Amino acid sequence: MDRLALVVPCYNEEAVMKISSEALRGVLEDLIRKKKIAEDSFVLFVDDGSKDRTWELIEEEHRLHSNVKGLKLAGNVGHQFALTAGLITARDCSDVTVSIDADLQDDVAVIEEMIDKFHEGNDIVYGVRKDRSSDTFFKRFTAQSFYKLMAMMGVKTVYNHADFRLMSRRAVEQFSKYRETNLFLRGMMPLIGYQTDCVYYERKERVAGESKYPLKKMLALAFNGISSFSVKPISLITTLGIGIIVLSFLAAVYALWSYFTGRVTAGWTSLILSIWFLGGVQLVSIGLIGQYIGKIYIEVKQRPRYNIETFLDERESSENKEQ
Ligand code: UDP
Ligand code: MG
């Protein structure tokens, strides 16, 4: 039987800790009763340097319930890092993890479906929101633009999936080999490459407390997502430069025509020609330097170059099998 770890990053979540712990323990007990997970499965709360009573509440839950573990980070490092800390800690004492927010916006009822899909052989199961009706128009609009922009920039992400996801132990293992510091988990998961599937759910309102993701943090996450996964913006500079050089030839035709029809002040023609042409040349040069920087950037990440899924090595002899 597989040992499940529910990994929950918490930042200033004193308002939801009790409710959250109860709901998640309920999920564990239900799955244990249905014999889908091992009896020593647990919830791991990661306190991301909260300034309120979150950690005391986690300690209390741990004291009262044997299936609650707690991990306290030394300061606030942000959701993505807190989650990573939790996953890597849980990796060594579990077979499968499910990451979920403390505010219970994600539907705990689909965890069972995730486990089923895990048993069917999927290493990563993404929780995907069915619709965004519970969001404000603004949040919906910004989120959708973000997914579109990501796709345009060539970053693979799962549409409408946040960080509610199941990962097998070997998926976490593989993930921990991505040693980059600019974390954007949603973009990293598809790179792992194991078999994946999705479950669909409706995202609810927060049970209590307030969102810890103000617009500023959301924009930072979006920018990080693009800049950590794509060097396309650099290619755009080159393309723009080439475009401007082409335009400079058109400008040249116009400037020379004006010159010969004698409708210009002295010096205008040479000035216009130089500005356009040199502008284009400069952009292309910056783009070119950028291409090299882009390569250096990709190299310094030292991402694994491939992930092995299976290795059919020596065959077990048939006698051995029958034993
Ligand atoms: N969170 C965290 N560190 C932070 C900010 C948020 O660990 O610096 C946690 C937070 O406690 C919650 C999850 O990340 O469990 C998602 O945050 P929130 O629900 O505020 O985001 P929203 O759902 O509003 O996008
Ligand atoms: Mg939330």
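Up top you'll find the structure we're talking about.
Participant: Looking at this structure, how should I read a nonpolar patch on the surface?
Facilitator: A contiguous nonpolar patch, built from Leu247, Leu250, Leu271, Ile275 and Trp276 and spanning about 500 Å² of accessible area, is present on the exposed surface. Listing elements by their share of the nonpolar patch, those giving two or more residues are helix H9 (232-260) and helix H10 (268-301). The dominant element in the nonpolar patch, judged by the number of residues it contributes, is H10, at 3 residues. Its location among the elements puts Ile275 in helix H10.

Participant: What am I meant to see in the pairing of strand E2 (residues 42-47) here?
Facilitator: The side chains of a regular strand alternate, first on one face of the sheet and then on the other. Counting buried residues along E2, 6 of its 6 residues qualify, which places the element largely inside the surrounding structure. The alternating pattern of E2 places Phe42, Leu44 and Val46 on one face and Val43, Phe45 and Asp47 on the opposite face, and all of these are buried. Two strands pair when backbone bridges link them, and strand E1 (residues 4-10) and E2 are joined in this way by 6 bridges, in the parallel orientation. Considered in E2, the bridge of Pro9 is made with Val46. Note that the unit made of E1, helix H1 (residues 17-33) and E2 has a crossover that is right-handed. Here E2 pairs with strand E3 (residues 68-72) via 5 bridges, running parallel. Of the residues in E3, the one forming a bridge with Asp47 is Lys72. For the crossover that starts at E2, traverses helix H2 (residues 54-64) and ends in the parallel E3, the hand is right-handed.

Participant: Whenever I open this one, the site of ligand 1 confuses me. Can you help?
Facilitator: Neighbouring residues of ligand 1: 19 residues in total, closest Glu13, Asp48, Asp103, Ser211 and Lys212. Here a nitrogen atom of ligand 1 and a side-chain polar atom of Asp48 are 2.6 Å apart. Within the side chain of Gln105, a nitrogen or oxygen atom sits 2.7 Å from an oxygen atom of ligand 1. Protein contacts shield 94% of the accessible area of ligand 1, which totals 530 Å² for the unbound molecule.

Calculation rules
- Residues numbered from 1 in each chain as written.
- Chains lettered and ligands numbered in written order.
- Predicted model: local features only at pLDDT ≥ 70, side-chain atom pairs only at ≥ 80, totals over all residues.
- Heavy atoms only, no water.
- Patch = residues over 30% accessible without salt bridge, like charges linked within 9 Å, V, L, I, M, F, W, Y side chains within 5 Å.
- Areas by Shrake-Rupley, 256 points an atom, 1.4 Å probe, with all protein chains shown as cover.
- Salt bridge = Lys/Arg side-chain N within 4 Å of Asp/Glu carboxyl O.
- Helix = DSSP H or I, 4+ residues; strand = E, 2+ residues; numbered from the N terminus.
- Buried < 20%, exposed > 50% of the residue type's maximum accessible area, 1.4 Å probe, protein only.
- Pairing = 2+ DSSP bridges.
- Right-handed = clockwise from strand over helix to strand, strands pointing away.
- Near = heavy atom within 4 Å.
- Polar contact = N/O pair within 3.5 Å; in protein donor to acceptor, adjacent residues only side chain to side chain.

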